2 protein chains.
Amino acid sequence: MPHRLFKQRLAETAANVEALMDTVLDESTARSSRVMKAMRYAALNGGKRLRPFLVVECARLSGADPVGALRVAAALECIHCYSLVHDDLPAMDDDDLRRGHATTHIEFDEATAILAGDGLLSMAFEILSGDEIHPDPAVRIQLVRDLAAASGVNGMVGGQMLDLEAEETPQGTNEVIAMQRLKTGKLIEFACQAGATLGGADEAVCAALRDYSANIGLAFQVADDLLDVESTAQETGKQTGKDAGSGKATFVSLMGVEGARRHAQTLVDSAVVATDIFAEQGETLRQAARFIIDRKH
Amino acid sequence: MPHRLFKQRLAETAANVEALMDTVLDESTARSSRVMKAMRYAALNGGKRLRPFLVVECARLSGADPVGALRVAAALECIHCYSLVHDDLPAMDDDDLRRGHATTHIEFDEATAILAGDGLLSMAFEILSGDEIHPDPAVRIQLVRDLAAASGVNGMVGGQMLDLEAEETPQGTNEVIAMQRLKTGKLIEFACQAGATLGGADEAVCAALRDYSANIGLAFQVADDLLDVESTAQETGKQTGKDAGSGKATFVSLMGVEGARRHAQTLVDSAVVATDIFAEQGETLRQAARFIIDRKH
């Protein structure tokens, strides 16, 4: 079991964040139960909860209160889940299947899915503004600023736009890296940075986590591209082979399967080196980095 | 000129907020210029800027710094504009025309419009987190909390969902009021509340502004329903007669034109009474309330 400690912590965090989101996304108080139902459908149907794990783990390494960290993790997961709902829409990636279930617009309808995504996006900031996050409002507002920046036009949303535009213009490796750094990288970087912010980590720790998260963020995407060509829908719980079908440049189309695999390994090695600062306490992050390229979904 | 002072202040605020948003929505630094172009298209094409006016005016009445108030106004307008972009989508209200121009998904495409809306929503919270809003982070986080709540599932998004559901279920006056209090009311209430929060207004002022904003919020919607049956697309800059066509309950279908007009007048009268606390300083808010039912678009 090469990732035993990581998998244990990942499962713990997943269960904790799921329970917290189940409470926060409270159907009984929602004015329109239909949109809340759709928000719950989109947010509570499992998922690895890798981003929440990173928040909680980096908070632990920075000496932060785990209660606040879990709430930040839930806020971040609201952002991640909203982006999946909107990305799956017919006008975007047009996906019917996600984590082995019908996507939100299939289960409900497009209008409800758009609103559920919008609702989750607002909910993230509602959660972050709460006193339980951290006693110092300056820390809370820093988290709001960082999450808004990571999610928006100069972060995830900008990356998603570049990804859609890439279907029309031939892309080289640098363009794909730049796009992925925004599309998936920024939220992963926020996850680690948020843990450090909560714990008031010093600059050396912050720099190490920036380095770590930038490397695993990219490795995560290279691994995703590999999974897209090597796995079946049954294994991944979503449509596979889509990228090759669309003629869109991916790390695999640009580097070949072997080249992409080597590149992912190099990124993971760099991520592992970045965790040296935590000595044996960093073992979970190291296992997480290795898991990213070993996973089957 | 029954609304001279109000119209002057409204025009001033509109120009100021437009200039600020032009700076904040900075194409030169945006990673994906296409989505930023669409955000600018959606946010900088005019509009009355009633919500920004309310923030700035209530901030002035509460003794707040006008610089921070204008930034809160810009954040709120980002939320309002994102909601229009998403509401106009084919899966939602399917509108081609807004303020006399093609809607964002017509000018660009649906995917870009979805992302532009998402980008504006994140941008609102990025603006609110900035130091320029207010020196005290506790005030900034309060504004984040209130705006997130006003925008989300228990606010505007919930109202929009109820509005879509209303097409399938017959609605009475109470249901329409409850829906509109969320859909348009919550942001208008936030506008006034934010001004009071920025100025640290006492509870009497806060209560007066809550009363005022709840009344004008509803009056605004009754007036909109009246405009929908009485105006042409040329006058309003958007499609008219849509509500009657959809068979959806409106204040006009429930109360008749004369009944709706009387109801709007009653709401405006209540709003005007609520501003007594400001004596002559409240004249602009009184004119604003009266303007809401006199406007032609």
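For clarity, every value in this text was computed on a predicted model and none was experimentally measured. (Residues numbered from 1 in each chain as written. Chains lettered and ligands numbered in written order. Predicted model: local features only at pLDDT ≥ 70, side-chain atom pairs only at ≥ 80, totals over all residues.)

**Student:** Could you give me a rundown of the overall build of chain A, with the residues and numbers involved?
**Tutor:** Along its length, chain A carries 14 helices and 2 strands. Scaling as 2.2 N^0.38, a compact globule of 297 residues should have a C-alpha radius of gyration of about 19 Å, and chain A matches this with 18 Å. A principal-axis box enclosing the C-alpha atoms of chain A has dimensions of 50 × 50 × 35 Å. Counting across all 297 residues of chain A, residues that qualify as buried make up 57%. (Helix = DSSP H or I, 4+ residues; strand = E, 2+ residues; numbered from the N terminus. Rg over C-alpha atoms; globule rule 2.2 N^0.38 Å. Buried ≥ 20, exposed ≤ 12 C-beta atoms within 10 Å, placed from the backbone.)

**Student:** Outline the interface of chain A and chain B, listing residues and values.
**Tutor:** Taken together, the contact between chain A and chain B spans 44 residues of the former and 44 residues of the latter. Mapped by element, the contributors of at least two residues to the side of chain A that touches chain B are α2 (33-43), α6 (110-128), α7 (137-151) and α8 (156-165) of chain A. Along the lines of polarity and charge, the residues of the side of chain A that touches chain B split into 25 nonpolar, 11 polar and 8 charged. (Contact = placed C-beta atoms within 7 Å. Nonpolar A, V, L, I, M, F, W, Y, C, P; charged D, E, K, R; others polar.)

**Student:** Account for the relation of the copies chain A and chain B, with residues named and values stated.
**Tutor:** Put simply, the two copies of the chain differ by a rotation about an axis and a shift along that axis. Mapping chain A onto chain B calls for a screw motion: a turn of 180° about the axis and a shift of 0.0 Å along it, with 0.0 Å RMSD after fitting. Those values place the two copies in the arrangement expected of a two-fold rotation axis. (Least-squares fit on C-alpha atoms with pLDDT ≥ 70 in both.)

**Student:** Got a sec to walk through the nonpolar core? Specific residues and values, please.
**Tutor:** Burial of nonpolar side chains together is a common tendency in soluble globular proteins. With 202 residues, the main nonpolar core has Ala219(A) and Ala219(B) as its most contacted residues. Sequence-distant contacts of Ala219(B), defined by excluding residues within four places in its chain, comprise Ala264(B), Leu267(B), Val268(B), Ala271(B), Ile292(B) and Ile293(B). (Core = buried A, V, L, I, M, F, W, Y, C linked by C-beta atoms within 7 Å.)

**Student:** Can you lay out α6(A) for me, pointing to particular residues and giving the numbers?
**Tutor:** Compared with the 27 Å implied by 1.5 Å per residue over 19 residues, the 28 Å span of α6(A) between its first and last C-alpha is a close match. Of all 19 residues that make up α6(A), 18 are buried, and the element is covered over most of its length. (Expected span 1.5 Å × (residues − 1).)

**Student:** Describe α7(A), and please don't skip the residues or the numbers.
**Tutor:** All names here are of chain A. In this model α7 runs 21 Å from its N-terminal to its C-terminal C-alpha over 15 residues, within 8% of the 21 Å that 1.5 Å per residue would give. The buried fraction of α7 is high, at 11 of 15 residues. Listing the buried residues of α7 in full gives Val139, Arg140, Ile141, Leu143, Val144, Arg145, Asp146, Leu147, Ala148, Ala150 and Ser151.

**Student:** Help me get a handle on the environment of Ser83(B), residues and values and all.
**Tutor:** Residue and element names in this part refer to chain B. Assignment of secondary structure puts Ser83 in helix α4 (residues 66-87). According to the C-beta neighbour criterion, Ser83 is buried, with 22 such atoms within 10 Å. Sequence separation between Ser83 and Ala194 is 111 residues, and the spatial gap between their C-alpha atoms is 19 Å.

**Student:** How would you summarise unusual backbone geometry if you had to cite specific residues and measurements?
**Tutor:** Of note in this structure, Arg99(A) is not a glycine but carries a positive phi near 50°. By the secondary structure assignment, Arg99(A) is in the loop between β1 (97-98) and β2 (101-102).

**Student:** Would you mind going over the packing of α4(B) against helix α7 (residues 137-151) of chain B in detail, with residue names and values included?
**Tutor:** Residues and elements named next belong to chain B. Axis separation between α4 and α7 bottoms out at 11 Å; the angle between their running directions is 20°. Taken together, the axes of α4 and α7 lie roughly parallel to each other. As for how α4 packs across α7, the hand of that crossing is right-handed. Between α4 and α7, the contacting residues are Val72, Ala75, Leu76 and Ile79 on the first element and Leu143, Leu147 and Ser151 on the second. (Axes fitted to C-alpha atoms, helices over the stretch in contact; angles between N-to-C directions. Parallel < 35°, antiparallel > 145°, perpendicular 65-115°, else oblique. Left-handed = near helix turned anticlockwise from the far one by under 90°.)

**Student:** So what's going on with the environment of Ala91(A)? Which residues, and what values?
**Tutor:** Residue placement: Ala91(A) occurs in the loop between α4 (66-87) and β1. Overall, Ala91(A) belongs to the buried group, with 21 C-beta atoms counted inside 10 Å. Setting aside residues no more than four positions away along its own chain, Ala91(A) makes contact with Glu110(B), Ala111(B) and Ile114(B).

**Student:** Kindly report on the packing of helix α10 (residues 203-230) of chain B against helix α13 (residues 251-274) of chain B, identifying the contributing residues and their values.
**Tutor:** Packed helices, taken two at a time, are described by their axes: the angle between them and the distance between them. Residues and elements named next belong to chain B. Where α10 meets α13, the axes come as close as 8 Å, and the angle between the chain directions of the two elements is 150°. In terms of orientation, α10 lies roughly antiparallel with respect to α13. Classified by chirality, the crossing of α13 by α10 is left-handed. Contact with α10, carried on its side by Ala208, Asp211, Tyr212, Asn215, Ile216, Leu218, Ala219, Val222, Ala223, Asp225, Leu226 and Val229, involves Phe251, Val252, Val257, Ala260, Arg261, His263, Ala264, Leu267, Val268, Ser270, Ala271 and Ala274 of α13 and no other residues of that element. Its residues placed into classes, the contact of α10 with α13 shows 18 nonpolar, 3 polar and 3 charged.

**Student:** Run through the environment of Val24(B), naming residues and quoting values.
**Tutor:** Residue and element names in this part refer to chain B. Mapped onto the secondary structure, Val24 falls in helix α1 (residues 4-24). Separated by 99 residues in the primary sequence, Val24 and Met123 have C-alpha atoms spaced 8.8 Å apart. Once residues within four sequence positions are removed from consideration, Val24 is found in contact with Ala74 and Ile127.

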